[in-house]
Amino acid sequence: MKRTQIALADGRELIYFDERDDAVRDQPDRRDLPPPPPASQLRYDPLTDEWVAVAVHRQTRTFLPPADQCPLCPSRGERHSEIPAPGYDVVVFENRFPSLSQRVADEPAEITPFTPVRPARGRCEVVCFTDDHTASFARLSPQRVRTVLDVLADRTTALSALPGVEQVFPFENRGVEIGVTLHHPHGQIYAYPFVTPRTRTMLAAARRYADRTGGNLYADVLAAERATGERVVTSNEHWTAYVPAAARWPFEVHVAPHRPVPDIPALDDAERDAFGPLYLDLLRRFDGLFDLPMPYIAAWHQAPVRIDRELGHLHLQLFSIRRARDKLKYLAGSESGMGVFINDIAPERAADLLRTA
Ligand SMILES: [Zn+2]
């Protein structure tokens with residue numbers, strides 16, 4: 001893989017990751033861009049002990065542009081996009097409208113004595129999986145998935161080294177039903193200046209289990225799922241994809257490596273090669289459930305950068321809000337108000353439907 005780093009017209013970083021070592025990426029960004037906005041505010045919610053990013057400048061971001069104005073397509077002729085080259089394999093660049101960035105502005109120290117404020121220091125990156133506007137992740141080649149995994153490893157290592165970053169979260173939102181604002185196949189990476197609430201909860205559970213039994217909670221749960229096999233959708237030598245026994249979403253699958261590793265950079269060559277074929281098969285099963293492109297979120301759970309790394313266990317959480325051909329699952333009163341999920345599809349049935357899709 002060849003790595004070429006350039007600066008866009010407004011100073012943001014862009015990195016080409018090419019599968020061919022002889023790729024030349026020397027096209028300059030010819031656009032006239034205003035400077036990127038400063039970091040958002042992080043406001044502390046004392047009632048829940050959580051941080052909220054308040055990003056006023058993001059309201060102006062590009063929303064579902066027509067295909068001929070796609071900012072993630074390569075630049076061709078007089079049409080200049082975010083990517084100056086006329087073609088690419090995988091590209092990563094800093095989001096033009098980031099929730100988190102290193103461009104820290106002066107902020108008030110607090111809203112009230114209960115609500116401290118700090119700059120949303122971190123980083124938001126966009127990962128373009130292909131220069132083909134009409135493709136989808138499920139239709140990438142296994143080789144390209146391997147490249148994407150290597151890119152996520154590169155970015156996890158690089159973002160973990162940025163000042164103040166505590167957790168790196170790669171993810172893909174797919175489908176307008178999820179709130180996707182650009183159709184071009186792409187993912188994102190958020191580098192947070194704190195350990196996220198979801199991860200804190202999972203680490204606390206893992207710590208209690210380790211104190212009580214000496215074991216690794218995620219590894220033992222995975223072993224139990226593999227032993228019963230009832231909710232396993234597919235597996236190979238290095239990975240298992242299973243519906244969690246207490247799945248929250250109508251269709252939810254965890255894809256976990258058999259060897260407990262904290263994050264993507266810790267995956268070895270054989271594990272990285274084995275991921276693509278299994279994940280592509282799983283995504284095609286998702287699309288096959290209702291013979292419709294399935295809206296989904298694919299969320300990589302990685303251990304935090306600095307703390308509790310031994311308690312983390314890398315896994316990908318893939319889930320959809322579609323529960324029937326013409327029905328979506330909305331987060332309503334119980335889920336949004338109280339955080340209690342009501343799942344209309346039994347996890348065993350979801351696993352069965354995915355196995356036969
Ligand atoms: Zn495009």
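Source: prediction; values computed, not measured. (Residues numbered from 1 in each chain as written. Predicted model: local features only at pLDDT ≥ 70, side-chain atom pairs only at ≥ 80, totals over all residues. Heavy atoms only, no water.)

Just to check I follow, could you spell out the packing of helix H1 (residues 142-160) against helix H4 (residues 269-289) for this structure?
Packed helices, taken two at a time, are described by the angle between their axes plus the distance between the axes. One can describe the packing of H1 onto H4 by two numbers: an axis separation of 8 Å at closest approach and a directional angle of 125°. The orientation of H1 relative to H4 falls into the category oblique. H1 and H4 meet at a crossing whose hand is right-handed. In this structure, H1 uses Pro142, Val145, Arg146, Leu149, Asp150 and Ala153 to contact H4, whose residues at the interface are Asp269, Arg272, Asp273, Phe275, Gly276, Pro277 and Leu280. (Axes fitted to C-alpha atoms, helices over the stretch in contact; angles between N-to-C directions. Helix = DSSP H or I, 4+ residues; strand = E, 2+ residues; numbered from the N terminus. Parallel < 35°, antiparallel > 145°, perpendicular 65-115°, else oblique. Left-handed = near helix turned anticlockwise from the far one by under 90°. Contact = heavy atoms within 4.5 Å.)

Looking at this model, I keep getting lost on the coordination of the zinc ion. Mind explaining?
Where a metal carries four tetrahedral donors, each ideal angle is 109.5 degrees; where it carries six octahedral donors, the ideal angles are 90 or 180 degrees. Taken together, the protein ligands of the zinc ion are Cys70 (SG), Cys73 (SG), His133 (ND1) and His184 (ND1), with distances of 2.1 to 2.3 Å. Given four donor atoms and angles of 103 to 118° at the metal, the environment of the zinc ion is assigned as tetrahedral. Counting the intervening residues between successive donors of the zinc ion yields the motif C-x2-C-x59-H-x50-H. Within this pair, whereas Cys70 is found in the loop between strand S4 (50-54) and strand S5 (90-94), its partner His184 is found in the loop between strand S9 (167-174) and strand S10 (186-192), the two being separated by 114 residues in sequence. With relative accessibility at 1%, the residue His184 sits in the buried group. (Donors = N, O, S within 2.8 Å, 3.2 Å for Na, K, Ca; no water. Tetrahedral: all angles 85-135°; square planar, octahedral: opposite > 155°, others 65-115°. Buried < 20%, exposed > 50% of the residue type's maximum accessible area, 1.4 Å probe, protein only.)

I tried to follow the sheet that holds strand S11 (residues 232-235) on my own but got confused; where do I start?
Adjacent strands of a sheet pair through backbone hydrogen bonds, lying either parallel or antiparallel. The strand order across the open sheet built from 11 strands is S1-S2-S5-S8-S10-S9-S14-S15-S13-S12-S11, with neighbouring strands paired in antiparallel fashion. Each edge of the sheet is formed by a strand with only one pairing partner; in this case those strands are strand S1 (2-7) and S11. Going from strand to strand, the sheet's axes swing by 20° on average, the running direction of each strand aside. (Pairing = 2+ DSSP bridges.)

I keep staring at the UniProt feature "active site" (unreviewed entry) in the protein and nothing clicks. Help me out?
Here the UniProt feature "active site" (unreviewed entry) sits at His186. By the element assignment, His186 lies in strand S10. Excluding anything up to four places from it in sequence, His186 contacts Leu72, Val126, Val127, Cys128, Phe129, Glu172 and Asn173. In terms of polar contacts, His186 uses its side chain to reach the backbone carbonyl oxygen of His184, at 2.7 Å. (UniProt positions renumbered as here; feature names shortened; annotations may be inferred. Polar contact = N/O pair within 3.5 Å; in protein donor to acceptor, adjacent residues only side chain to side chain.)

Explain the domain arrangement of the protein here, please?
Interfaces are often described in size by the accessible area the parts lose on coming together. Each assigned domain of the protein is listed here: domain 1 (2-194) and domain 2 (198-356). The straight-line distance from the C-alpha centre of domain 1 to that of domain 2 is 24 Å. Between domain 1 and domain 2, the residue contacts involve 29 residues of the former and 32 residues of the latter. Summing the contributions of domain 1 and of domain 2, the shared interface buries around 2,700 Å²; its carbon and sulfur component is 56%. Three residues, Arg146, Leu149 and Arg174, lead the burial of domain 1 against domain 2; their summed loss comes to 24% of the area buried on that side. Ionic pairing is found between Arg200 and Asp49, a salt bridge with its closest N-O pair at 3.1 Å. Counting residues per element, the ones that place at least two in the side of domain 1 that touches domain 2 are H1 and S9. In terms of residues, the side of domain 1 that touches domain 2 owes the most to one element, H1, which gives 10 residues. Among the residues making up the side of domain 1 that touches domain 2, the classes are represented as 14 nonpolar, seven polar and eight charged. (Domains from an automatic or database assignment. Buried area = accessible area lost by both parts, 1.4 Å probe. Salt bridge = Lys/Arg side-chain N within 4 Å of Asp/Glu carboxyl O. Nonpolar A, V, L, I, M, F, W, Y, C, P; charged D, E, K, R; others polar.)

I keep staring at the UniProt feature "domain: Galactose-1-phosphate uridyl transferase C-terminal" (unreviewed entry) in the protein and nothing clicks. Help me out?
Under the UniProt annotation, "domain: Galactose-1-phosphate uridyl transferase C-terminal" (unreviewed entry) lies at residues 207-355. Helix makes up 37% of residues 207-355 and strand 21%, and the two end C-alpha atoms of the span are 33 Å apart.

Help me understand the sheet that holds strand S7 (residues 115-119), please; the structure alone is not making it clear to me.
Taken together, the four strands give an open sheet; going across it, the order is S4-S3-S7-S6, and neighbouring strands pair in antiparallel fashion. What marks the edges here is a single partner per strand, and that holds for S4 and strand S6 (110-112). Neighbouring strand axes in the sheet, compared pairwise and without regard to direction, differ in orientation by 25° on average. Here S6 pairs with S7 via two bridges, running antiparallel. Opposite Glu110, over in S7, you have Pro116 as the bridge partner.

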